[in-house]
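Architecture and fold: a report
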Amino acid sequence: MSLDPVLAASKSHPKPPNAQFAYGTAGFRTLGAQLDSTVFRVGVLAALRSAKLEGKTIGVMITASHNPPQDNGVKLVDPLGEMLPQVWEPYATQLANSEDLLADVEDIVAKENIDVGKAGLVIVGRDTRETGPELVTAALDGINVFSQSKDFGELTTPQLHYLVRSHNDPEFGEPTEQGYIDKTVAAVEKIMNLWNITDPIKITVDAANGVGALKLKKLKSSLIAITVINDNTRDKQALNVDCGADFVKTNQKLPANVQPTPDTLYSSFDGDADRVVFYYMEGQQFRLLDGDRIATLLASLLNTLLQKVQLKVKLGIIQTAYANGSSTKYIEEQLKVPVAFTPTGVKHLHHKAQEYDIGVYFEANGHGTVLFSDEYIKLLKTTNTTTEEQQKALQTLQLLVEVINQTVGDSISDLLAVLLALKIENKSCRDWADEYTELPNKLFKVLVADRFAFKTANAERQLVEPAGLQEQIDALVQQFPQGRSFVRASGTENAVRVYSEAASETDCLELGNRVCKLLEKY
Ligand SMILES: CC(=O)N[C@H]1[C@@H](OP(=O)(O)O)O[C@H](CO)[C@@H](O)[C@@H]1O
Ligand SMILES: [Mg+2]
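Residues numbered from 1 in each chain as written. Chains lettered and ligands numbered in written order. Predicted model: local features only at pLDDT ≥ 70, side-chain atom pairs only at ≥ 80, totals over all residues. Heavy atoms only, no water.

1. Topic: the nonpolar core
Using the following cut-off: Remark: nonpolar core denotes a set of buried residues (Ala, Val, Leu, Ile, Met, Phe, Trp, Tyr, Cys) joined through side-chain atoms within 4.5 Å. In this scheme, a residue with accessible area under 20% of its type's maximum is buried, one over 50% is exposed, and one in between is partly exposed, where area comes from a 1.4 Å probe on protein chains only. Contact between two residues is taken to exist if any of their heavy atoms lie within 4.5 Å; hydrogens are not considered.
Membership of the largest hydrophobic core comes to 86 residues, with the highest contact counts inside it found for Phe278, Ile358 and Val360. Among all residues touching Phe278, those that are not within four sequence positions of it are Ile203, Leu265, Tyr266, Ser267, Arg287, Leu288, Leu289, Ile294, Leu415, Val418 and Trp432. If you look at the next biggest cluster of nonpolar residues, it comprises 45 residues, including Leu48, Ile62, Leu95 and Val145.

Structural data, given as structure tokens:
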């Protein structure tokens, strides 16, 4: 099959002069108005990826998550719902920046030994941004050069991952949006019936004025009573503004439009509904229950259920350096579950989680999920129980595999899993928040001339370059009780991040400010 048609198709999607693009942690992300040629070329690459995998279905998601409304982005999803493998990321960058598209397509086809005639289907989803529809057109134009395409319209990022997986693996679920909803709702209802919970699970969710609002409203069940606020997806300038998971986590305060009833749990999604955080007011105090808390709550429920059935499996929690030190201590000392650390970015955590029978991974910002291994799922099917209590625990473990999205962090399924865990364990939001006391912590952003000069080791917890800087940070940290601080280059923004944590609020600020000061000369 000739590669020439790519040239004619690319004529309607010219590359802006002098623009440079890089496929990073979150795919391509920049102003939506700059992305037409890039998204077209990602469409071409998606078709090549499908051909390379002999006709497997590939996904293209158009979103910029928690970024401001004028931004947009695009990322590729592999057949089982995983991220594009890292070895293919340079191809995405190569095509996006190409001045001779045909030559670069030929280069990739030759390097990967691709028969473009084998391309199968590429499916496309987008969040609610204004530039979404035109970028979908660009993606379809790119895909259609070599492959079949299907546009699923507005989706959450995790729904697109689900759809890619179910297209390739029919046992995973019905490959439609309704299939996703039915699978999730049915598993939640079954768990509630098992535990005789007749009172619907209730919560108010701040949907960041994003796609999560539309999808939450489609969860129809007499046992699920979700009130959605910040659901204005028609006002394209409202997305993620003064609301959403990132706003709540960063500012550690309530989003717009929540008039809180004390001791009542609330939740916030981000713009593409793959992150979730929880919070409530205890008197005048705002208490945040972030990704670290979700990990401990879910791991603790799973542990209890496993003990009831007397199942011995390898359960682990995966964190990044941004996890609060108190959460790590609580997991190791109280839950007695091993903790592993990886660099920031979900792909690292996801990969590590696959080493366990049950791998619970969450970034502190609320992005994460629980992965169950095939062996574990088989073990559940062949386990015998003697008592009714054990049978209930075993069935709950089986149903949790259905509730929790196995492809990627998912606000909707994480929300439901958390609410189920609280019901089953009969925990109030205070009980949950009192499991451990967080150390005061703060995240700083420092602009430097060259963020690539900052090189780290030990899951990003130590700097190896610039030489000598880590020693200076260590010397500062030692001066503060329970102090911890580290510096790393952001993978998504042109900045260096400084994290600080210490026994008191004042110490935490002081430590952070002094580490930031060390960076001034860079
Ligand atoms: C401290 C922090 O929250 N960092 C975020 C942020 O990465 P940076 O590499 O720190 O810019 O964006 C990533 C993609 O959304 C997310 O996975 C990660 O957790
Ligand atoms: Mg997101």
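Moving on, there is more to tell.
2. Concerning the pairing of strand E18 (residues 484–489)
Every regular strand shows the same layout, with side chains that alternate between the two sheet faces. The condition that has to hold: We count a stretch as a helix when DSSP gives it H or I for four or more residues in a row; a strand needs E for two or more, and each element gets its number in order from the N terminus. Here the rule is simple: two strands pair whenever DSSP picks up at least two bridges between them.
E18 sits mainly inside the fold: five of its six residues count as buried. Strand direction decides the pairing type here: E18 and strand E19 (residues 496–501), joined by six bridges, are antiparallel. Residue pairing in the sheet places Ser485 in a bridge with Ser500 of E19. In sequence, E18 turns back onto E19 through a hairpin of six residues.

3. Digging into the side chain of Thr184
This is how the line gets drawn: Two N or O atoms count as a polar contact when they lie within 3.5 Å, although within protein this holds only if one can serve as hydrogen donor and the other as acceptor, and sequence-adjacent residues are included solely when both atoms are side-chain atoms.
Structurally, Thr184 can be placed in helix H7 (residues 177–194). A relative accessible area of 4% places Thr184 in the buried class. Polar side-chain contacts of Thr184 include one of 2.8 Å to the backbone oxygen of Tyr180. Ignoring anything within four residues of it in the chain, the contact list for Thr184 reads Val403 and Leu416.

4. Here's the deal with unusual backbone geometry
Following Glu465, the chain continues to Pro466 via a peptide bond in cis, the omega torsion being -5°. Position of Pro466 relative to the elements: it lies in the loop between strand E17 (462–465) and helix H17 (469–477). One non-glycine residue with positive phi stands out, namely Ser65, at about 50°. Position of Ser65 among the secondary structure elements: in the loop between strand E2 (58–62) and strand E3 (71–77).

5. Some remarks on the site of ligand 1
Operational definition: We define proximity as follows: a residue is near a molecule or strand when any one of its heavy atoms falls within 4 Å of that partner. The Shrake-Rupley method, run with a 1.4 Å probe, gives the accessible areas here. Residue values count only the displayed protein chains as cover.
Around ligand 1 sit Tyr322, Thr344, Gly345, Glu363, Asn365, Leu443, Arg488, Ser490, Gly491, Thr492 and Arg497, and those are all the residues in its vicinity. One of the side-chain N or O atoms of Glu363 is found 2.8 Å from an oxygen atom in ligand 1. Interatomic distance of 2.5 Å between a side-chain N/O atom of Ser490 and an oxygen atom of ligand 1. Relative to its unbound accessible area of 440 Å², ligand 1 is 87% covered by the protein chains.

6. Some words on the domain arrangement of the chain
Under the convention used in this document: Where each domain begins and ends is defined by an automated method or by a domain database. Accessible surface is computed with a 1.4 Å probe, and the buried area is the amount of it that two parts give up when combined, taken over both parts together. Definition used for salt bridges: Asp or Glu carboxyl oxygen within 4 Å of a side-chain nitrogen of Lys or Arg. Polar here means any residue other than Ala, Val, Leu, Ile, Met, Phe, Trp, Tyr, Cys and Pro, which are nonpolar, and Asp, Glu, Lys and Arg, which are charged; Gly is therefore polar.
Assigned domains of the chain: these are domain 1 (5–154), domain 2 (179–289), domain 3 (291–410 + 423–433) and domain 4 (441–518). When each unit is reduced to the centre of its C-alpha atoms, the spacing between domain 2 and domain 3 is 21 Å. Contact residues are listed per partner, giving 28 residues for domain 2 and 24 residues for domain 3. Between domain 2 and domain 3, the buried area comes to about 2500 Å², and carbon and sulfur atoms account for 67% of it. Inspection of the region where domain 2 meets domain 3 yields two salt bridges. Notably, a salt bridge pairs Asp263 with Arg430, separated by 2.7 Å at the nearest N-O pair. At the boundary of domain 2 and domain 3, one finds six residue pairs in polar contact (both at pLDDT 80 or more). Of all the secondary structure elements, the ones that give two or more residues to the side of domain 2 that touches domain 3 are H7, strand E9 (276–282) and strand E10 (285–289). The greatest single-element share of the side of domain 2 that touches domain 3, amounting to eight residues, is contributed by H7. For the side of domain 2 that touches domain 3, the class distribution of residues is 17 nonpolar, two polar and nine charged.

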